Amino acid sequence: MSEHGHDRHDTHAAALRDGDIGWAFGITENAVMLLDGERRPLRVNQAAQVLAARVLPGRQADGLLALLPDEAWAHARIGGRWAGELVLPDGVVLEIVLRDGHDAGTDLILVILDDVSQRTARQVELQQRHDELQAAHRRLAGAQEQLLQSEKMASIGLLAAGVAHEINNPIG
């Protein structure tokens, strides 16, 4: 029994039938699962089912939970939260957040998964372009320095030619 006079089963039942939670689970683009303290799914949104079907063909959404390292569960239990990225063998990158309600007086666990593969690919591409631009900048800076040295040498040459002319042909 909790401090509010409800047992945990009542809390779970309320979470499952709460219209606001159902609405939130339905509209989010992220894969979201609400678990009990034993890591059994109480609620799984459509996005989680779609993600599971794509990355784990033939398996249910709760199969995604097996991808999480054991230390993630332990860290979330102790600190209330764990976040990390997993790279699957096919190159899919999942950003995962675990929220454990143990410290808040509930044994519910919220799991949020997001496929960030495209964002990661864009970051890699941006880094490559950044590196290319830095290399081009270094080449341009070198060329500018050479041009500056050439201009200095040309000016010195003109000055020397003018002095030599004056020596050979003095004024007056």
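Please read all numbers here as calculations on a predicted model, not as lab measurements.

### A short note on the overall build of the protein chain
Scanning the protein chain from terminus to terminus reveals five helices and five strands. In the protein chain, the succession of α and β elements from N to C terminus is α-α-β-β-α-α-β-β-β-α. Taken over 172 residues, the protein chain has a buried fraction of 25%. With the model as given, the accessible surface of the protein chain reaches about 11,900 Å², and the carbon-plus-sulfur share is 55%.

### Quick word on the pattern of salt bridges
What the rule picks out here adds up to three salt bridges. In this structure, Arg-40 engages Asp-36 in a salt bridge whose closest nitrogen and oxygen atoms are separated by 2.8 Å. Relative accessible area serves as the criterion here: at 5%, Asp-36 is assigned to the buried category. Across the pair Arg-54 and Asp-115 runs a salt bridge whose closest N-O atoms are separated by 2.7 Å. One end of the pair, Arg-54, is in helix α3 (residues 46–55); the other, Asp-115, is in strand β5 (residues 109–115), with 61 residues separating them in the sequence. Residue class for Asp-115 comes out partly exposed when judged on its relative accessible area of 26%.

### Brief notes about the side chain of Asp-36
Of note, Asp-36 is situated in the loop between β1 (31–35) and β2 (41–44). At a separation of 2.8 Å, a polar atom in the side chain of Asp-36 contacts the side chain of Arg-40.

### Section: the side chain of Asp-100
By secondary structure assignment, the location of Asp-100 is in strand β4 (residues 93–100). Separated by 3.3 Å, the side chains of Asp-100 and Arg-77 make a polar contact. Beyond its immediate sequence surroundings of up to four residues, Asp-100 is in contact with Ala-76, Arg-77, Gly-80, Leu-108 and Ile-109.

### Re the nonpolar core
Counting 25 residues, the largest nonpolar core has Met-33, Val-111 and Leu-113 as its most contacted members. Every element with two or more residues in this core is listed here: β1, α3, α4 (70–79), β3 (81–87), β4 and β5. Apart from the residues within four sequence positions on either side, Met-33 is in contact with Phe-25, Arg-43, Val-44, Ala-48, Ala-61, Asp-62, Leu-64, Leu-65, Ile-109, Leu-110, Val-111 and Leu-113.

Conventions and cut-offs
- Residues numbered from 1 in each chain as written.
- Predicted model: local features only at pLDDT ≥ 70, side-chain atom pairs only at ≥ 80, totals over all residues.
- Heavy atoms only, no water.
- Helix = DSSP H or I, 4+ residues; strand = E, 2+ residues; numbered from the N terminus.
- Buried < 20%, exposed > 50% of the residue type's maximum accessible area, 1.4 Å probe, protein only.
- Areas by Shrake-Rupley, 256 points an atom, 1.4 Å probe, with all protein chains shown as cover.
- Salt bridge = Lys/Arg side-chain N within 4 Å of Asp/Glu carboxyl O.
- Polar contact = N/O pair within 3.5 Å; in protein donor to acceptor, adjacent residues only side chain to side chain.
- Contact = heavy atoms within 4.5 Å.
- Core = buried A, V, L, I, M, F, W, Y, C linked by side-chain atoms within 4.5 Å.

The values reported here are purely geometric and, on their own, carry no functional implication.
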